[in-house]
Amino acid sequence: MMLAPGAPLDRGALEEYFKLSSTPVRDALTRLRDENLVDIYPQHATIVRAIDITSLNDAHLLRLSLELEVAATLARQRDAALVHTLEGLVSQQAFALSRQDYDGFVRLDMAFHRHMFSAAQVEALWHFVRGMSGNLDRLKRLHVPLADKGKLVLADHAAIVGAIASGDEAMAQASVREHLSGTLAQLETLKARYPGYFFAAK
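Let us look at the structure shown here. Note that the structure is predicted; figures quoted are calculated from it, not measured.

1. Thoughts on the packing of aromatic side chains
Here comes step 1: A full pass over the atoms with the stated rule returns three aromatic pairs.
Here comes step 2: Residues phenylalanine 117 and tryptophan 126 carry aromatic rings whose centres are separated by 5.5 Å and whose planes lie at 55° to one another, so their mutual orientation is tilted.
Here comes step 3: Taking relative accessible area as the criterion, phenylalanine 117 reaches 0% and is therefore assigned buried.
Here comes step 4: Seen in terms of ring centroids, tyrosine 194 and tyrosine 197 are 5.4 Å apart; in terms of plane orientation they differ by 55°. Their pairing is tilted.
Here comes step 5: In this arrangement the basic side chain of arginine 49 is found over the ring face of phenylalanine 199, its NZ or CZ atom lying 4.8 Å from the centre.

2. A word on the packing of helix H8 (residues 149-166) against helix H9 (residues 169-181)
Here comes step 1: Where H8 contacts H9, the two axes come as close as 8 Å, and the packing angle between them is 165°. Compared by their axis directions, H8 and H9 come out roughly antiparallel. With respect to the hand of their crossing, H8 and H9 are arranged in left-handed fashion. Counting all contacts with H8, which are made through Val153, Asp156, His157, Ala159, Ile160 and Ala163, the residues of H9 involved are Met171, Ala172, Ser175, Val176, Glu178 and His179.

3. Looking at the packing of helix H3 (residues 53-77) against H9
Here comes step 1: At a closest axis distance of 8 Å, the pairing of H3 and H9 adopts a crossing angle of 150°. Between H3 and H9, the crossing angle belongs to the class labelled roughly antiparallel. Relative to H9, the crossing made by H3 is right-handed. Seen from H3, the contacting residues are His60, Arg63, Leu64, Glu67, Leu68, Glu69, Ala71, Ala72, Ala75 and Arg76; seen from H9, they are Glu169, Ala172, Gln173, Val176, Arg177, Leu180 and Ser181.

4. Section: the environment of valine 38
Here comes step 1: Along the chain, valine 38 turns up in strand E1 (residues 38-41).
Here comes step 2: Residues valine 38 and proline 5 lie 33 residues apart in sequence; the distance between their C-alpha atoms is 8.7 Å.

About the cut-offs
Residues numbered from 1 in each chain as written. Predicted model: local features only at pLDDT ≥ 70, side-chain atom pairs only at ≥ 80, totals over all residues. Heavy atoms only, no water. Phe/Tyr/Trp six-rings, centres within 6.5 Å; stacked < 30°, edge-to-face > 60°. Buried < 20%, exposed > 50% of the residue type's maximum accessible area, 1.4 Å probe, protein only. Lys NZ or Arg CZ within 6 Å of the ring centre and 35° of its normal. Axes fitted to C-alpha atoms, helices over the stretch in contact; angles between N-to-C directions. Helix = DSSP H or I, 4+ residues; strand = E, 2+ residues; numbered from the N terminus. Parallel < 35°, antiparallel > 145°, perpendicular 65-115°, else oblique. Left-handed = near helix turned anticlockwise from the far one by under 90°. Contact = heavy atoms within 4.5 Å.

Written out as structure tokens, the structure is:
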């Protein structure tokens, strides 16, 4: 379900769509509010918030800092089974991209990175980062269908896997840095293409 900033969220419709009672829907909306993803006006409305630039910058810095260390750890380990799993996820991503299944592509992207954290035995940190990454995820979802972004993601993932397989810590970190900075580097382009989608605190 993709909704533009300003779109209202009807709790009854959400309960029906997700087959849930009112309590988990209310709790989920409260969490989305806490993550700067929706605005809740009691007794009035809940609406989708514009993408919070401060929030996405914070999430990017945190994730980059952690994933650089994760990549170095995995390169030192040189685990053949991990490399095989990551290669499989890249292949699945390529298939999703060929079908223009962008939602599937993004899910597989998350699976790729989560598997890295898990293999480094710090999966709890992945969940911690995920709790702050809603606005960064929204930016990426806008970017993936454009130009050759999907192909660039596949190439970046292949480079990360190759560096891990060869045990090259410096290259693994350089590949992660290049990969995670790609979408943020296009922020101004995305703001111009999607006016009204972004919020920046004064």
